[in-house]
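Inside the fold
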Amino acid sequence: MELTRRREIMAMLREREWTLDELARNFVVSKKVIINDLEHIARSVPRPTRLQIHPPTCESCGFRFKDRAKFNDPSRCPRCKN
Ligand SMILES: [Zn+2]
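Thresholds, definitions, all that
- Residues numbered from 1 in each chain as written.
- Predicted model: local features only at pLDDT ≥ 70, side-chain atom pairs only at ≥ 80, totals over all residues.
- Heavy atoms only, no water.
- Helix = DSSP H or I, 4+ residues; strand = E, 2+ residues; numbered from the N terminus.
- Buried < 20%, exposed > 50% of the residue type's maximum accessible area, 1.4 Å probe, protein only.
- Areas by Shrake-Rupley, 256 points an atom, 1.4 Å probe, with all protein chains shown as cover.
- Expected span 1.5 Å × (residues − 1).
- Arc of directions from axis to C-beta.
- Contact = heavy atoms within 4.5 Å.
- Phe/Tyr/Trp six-rings, centres within 6.5 Å; stacked < 30°, edge-to-face > 60°.
- Lys NZ or Arg CZ within 6 Å of the ring centre and 35° of its normal.
- Axes fitted to C-alpha atoms, helices over the stretch in contact; angles between N-to-C directions.
- Parallel < 35°, antiparallel > 145°, perpendicular 65-115°, else oblique.
- Nonpolar A, V, L, I, M, F, W, Y, C, P; charged D, E, K, R; others polar.

1. A few points about the overall build of the protein
Regarding its fold elements, the protein presents three helices and zero strands. Scanning the protein from its N terminus toward the C terminus, one meets helices and strands in the order α-α-α. Across the 82 residues in the protein, those meeting the buried criterion constitute 33%. By element, 48% of the accessible surface of the protein is carried by carbon and sulfur atoms, the whole surface being about 5,900 Å².

In structure tokens:
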């Protein structure tokens, strides 16, 4: 089950960029589960493969959390403090 999902996520990320929200919704799991999967995937994929995970974005002001540790889902926006 987990392995199947990780393989699917990997395939999806090769197609285009996905946000954590989209992936979580697609697999009907929590974002925490997706983050965990992404960490496993990142460790197992060969280096040249680029995972197109969309940077988290603030829902209020649209600020992009580019400098955040890769797969975190930030709760607070540094710009508008939302
Ligand atoms: Zn913001």
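On we go.
2. Regarding helix H1 (residues 2–15)
Turn by turn, an α-helix covers 3.6 residues, leaving residues three or four places apart pointing in a common direction. If you check H1, its first and last C-alpha atoms are 20 Å apart, about what 14 residues at 1.5 Å a residue would give, namely 20 Å. Among the residues of H1, Arg5, Arg6, Ile9, Met10, Met12 and Leu13 are the ones counted as buried. Angularly, the buried residues of H1 cover 165 degrees about the axis, an arc narrow enough to put them on a single face. What points out from H1, more than 90 degrees from its buried face, is the exposed set Leu3, Arg7 and Glu15. Summarising the contacts, the buried residues of H1 are in contact with helix H2 (20–27) and helix H3 (31–44).

3. Focus on the packing of aromatic side chains
Within the structure shown, the criterion is met by zero aromatic pairs. One cation-aromatic arrangement involves arginine 16 over tryptophan 18; the distance from NZ or CZ to the ring centre is 3.8 Å.

4. Points about the packing of H1 against H3
Direction vectors running N to C along H1 and H3 enclose 75 degrees, while the axes themselves pass 10 Å from each other. On the basis of their axis angle, the class for H1 and H3 is roughly perpendicular. Here H1 contributes Arg5, Arg6, Ile9, Met10 and Leu13 to the contact with H3, which in turn contributes Val33, Ile34, Asn36, Asp37, Leu38, His40, Ile41 and Ser44. Of the residues belonging to the contact of H1 with H3, the class tally is seven nonpolar, three polar and three charged.

5. Re the environment of lysine 31
Position of lysine 31 relative to the elements: it lies in helix H3. C-alpha separation for the pair lysine 31 and leucine 20, spaced 11 residues apart in sequence, amounts to 6.2 Å.

6. Section: H3
In this model H3 runs 20 Å from its N-terminal to its C-terminal C-alpha over 14 residues, within 8% of the 20 Å that 1.5 Å per residue would give. Every buried residue belonging to H3 is among Ile34, Ile35, Asp37, Leu38 and Ile41, and all of these are buried. Mapping the buried residues of H3 onto a view down its axis gives an arc of 160 degrees, with all of them on the same face. Of the exposed residues in H3, the ones pointing more than 90 degrees away from its buried face are Lys32, Arg43 and Ser44. Of the surrounding secondary structure, the elements contacted by the buried residues of H3 are H1 and H2.

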